[in-house]
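# A structural walkthrough
Below are the chains, spelled out letter by letter.
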Amino acid sequence: MSVDSIFVHKMWNDNELSKMVKGGVPFPMLSDAGGKVGTVYGIYDEVGGVETRGRFIIDPDGIIQGYEVLTPPVGRNVKETIRQIQAFQHVRNSKGTEATPSGWRPGKMTLKPGPDLVGKVWEVWKIEMEDD
Amino acid sequence: MPEELKVGCARPVGASSDEEKKPVITGGPEEKKTEKGVPMIKVGQKAPDFTAPAYHNGKFINMKLSDHLGKWVVLCFYPGDFTFV
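The structure presented is a predicted model; accordingly, all values stated were derived computationally and were not measured.

### Overview of unusual backbone geometry
All names here are of chain B. Positive phi, close to 50 degrees, is recorded for N57, a residue that is not glycine. Among the secondary structure elements, N57 is positioned in the loop between β2 (50-56) and β3 (59-64). Positive phi outside glycine occurs at F82, with the angle close to 65 degrees. Mapped onto the elements of the fold, F82 is located in the segment after β4 (73-76).

### Comments concerning the sheet that holds strand β5 (residues 64-70) of chain A
As summarised here, the arrangement of the 3 strands in space is β5(A)-β4(A)-β4(B), forming an open sheet in which the pairing is antiparallel. One side of each edge strand has no neighbouring strand; the edge strands of this open sheet are β5 of chain A together with β4 of chain B. Within the sheet, the average angular offset between the axes of one strand and its neighbour, ignoring direction, is 10 degrees. Running at roughly 20 degrees to strand β4 (residues 53-58) of chain A, helix α3 (residues 78-93) of chain A makes contact with β4 and β5 of chain A together with β4 of chain B of the sheet.

### Some points on the interface of chain B and chain A
Taken together, the contact between chain B and chain A spans 48 residues of the former and 59 residues of the latter. Interface area, chain B with chain A, both sides summed: about 4,800 Å², of which 67% is carbon and sulfur. Of all residues in chain B, the largest losses of buried area upon contact with chain A belong to Y55, W72 and F77 of chain B, amounting jointly to 20% of the total for that side. The interface formed by chain B and chain A includes 0 salt bridges. The interface formed by chain B and chain A contains 19 residue pairs in polar contact (both at pLDDT 80 or more). Of all the elements in the fold, those that place two or more residues in the side of chain B that touches chain A are β2, β3 and β4 of chain B. For the side of chain B that touches chain A, the element with the highest residue contribution is β2 of chain B, accounting for 6 residues.

### Some details on empty space enclosed by the protein
Residues and elements named next belong to chain A. As enumerated under the stated definition, the model contains 2 cavities of 30 Å³ or more in all. In this structure, the second largest cavity spans a volume of roughly 40 Å³. Along the walls of the second largest cavity sit P101, S102, G103, W104, K108, M109, W125 and M129, which together make up its complete lining. Its residues placed into classes, the lining of the second largest cavity shows 5 nonpolar, 2 polar and 1 charged.

### Topic: the packing of aromatic side chains
One pass over the structure, following the stated rule, counts 9 aromatic pairs over all chains. Residues Y41 of chain A and F77 of chain B carry aromatic rings whose centres are separated by 5.9 Å and whose planes lie at 45 degrees to one another, so their mutual orientation is tilted. Here Y41 of chain A is found in the loop between α2 (36-40) and β2 (44-45), whereas its partner F77 of chain B is found in the segment after β4 on a different chain. Each member of the pair Y41 of chain A and F77 of chain B is classed as buried. By relative accessible area, F77 of chain B is classed as buried at 0%. Three or more aromatic residues joined by ring pairs make a cluster, and in this case those are Y41, F56 and Y67 of chain A together with F50 and F77 of chain B. The lysine or arginine in question, R53 of chain A, covers the ring of F84 of chain B, its NZ or CZ lying 4.1 Å from the ring centre.

The rules behind the values
Residues numbered from 1 in each chain as written. Chains lettered and ligands numbered in written order. Predicted model: local features only at pLDDT ≥ 70, side-chain atom pairs only at ≥ 80, totals over all residues. Heavy atoms only, no water. Helix = DSSP H or I, 4+ residues; strand = E, 2+ residues; numbered from the N terminus. Pairing = 2+ DSSP bridges. Axes fitted to C-alpha atoms, helices over the stretch in contact; angles between N-to-C directions. Contact = heavy atoms within 4.5 Å. Buried area = accessible area lost by both parts, 1.4 Å probe. Salt bridge = Lys/Arg side-chain N within 4 Å of Asp/Glu carboxyl O. Polar contact = N/O pair within 3.5 Å; in protein donor to acceptor, adjacent residues only side chain to side chain. 1 Å grid on protein atoms, 1.4 Å probe; cavity = no way out; pocket = protein on both sides within 12 Å on 5 of 7 lines; lining within 4 Å. Points joined across faces, edges and corners; volume = space filled by probe spheres on them. Nonpolar A, V, L, I, M, F, W, Y, C, P; charged D, E, K, R; others polar. Phe/Tyr/Trp six-rings, centres within 6.5 Å; stacked < 30°, edge-to-face > 60°. Buried < 20%, exposed > 50% of the residue type's maximum accessible area, 1.4 Å probe, protein only. Lys NZ or Arg CZ within 6 Å of the ring centre and 35° of its normal.

These values are about where atoms sit, not about what they do.
Here it is as structure tokens:
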């Protein structure tokens, strides 16, 4: 979503993005002229008249599970967004019985929060697991 | 399915946030608000609903966030077309 019109979205998709991604952008490119939606989400820059780089993960119940906002010069890490979605999905599927520690990816160990885990995270989670 | 927009020469109106129609925000006195009186976005709380025109698979459509309840959604804002994301 940006303040550009849907016509500009079409031009961008057809003339540039379709050269990066076969078939073009697979998801809807939304137009937010005037930044109304961006204002409600707290990411519209009124001085510049543009949206900043806000990214929201919304679950199937319509609840915001996470967000990230960057100023325009720095781009995002899509892999990290996907990792977070996978983690939120895992937690949701476990009905809240599991939590994903720092650096978690699918297949890696989760934590089972509860009285037995208090003070014992150091025994099961090591700093090296952040990157392995 | 989202409705398809009939686009002629007129420029379709921009997005509309369903939240801004509400008179004023409920909530306790401590609730933080932005300069425009909009409540601060918080994790664990409902995503403000909106309807916006969109370009999707060669068509112009109207997209409503709440039509996607039941699915995971990534809502991504960026400064402008023809820049990076």
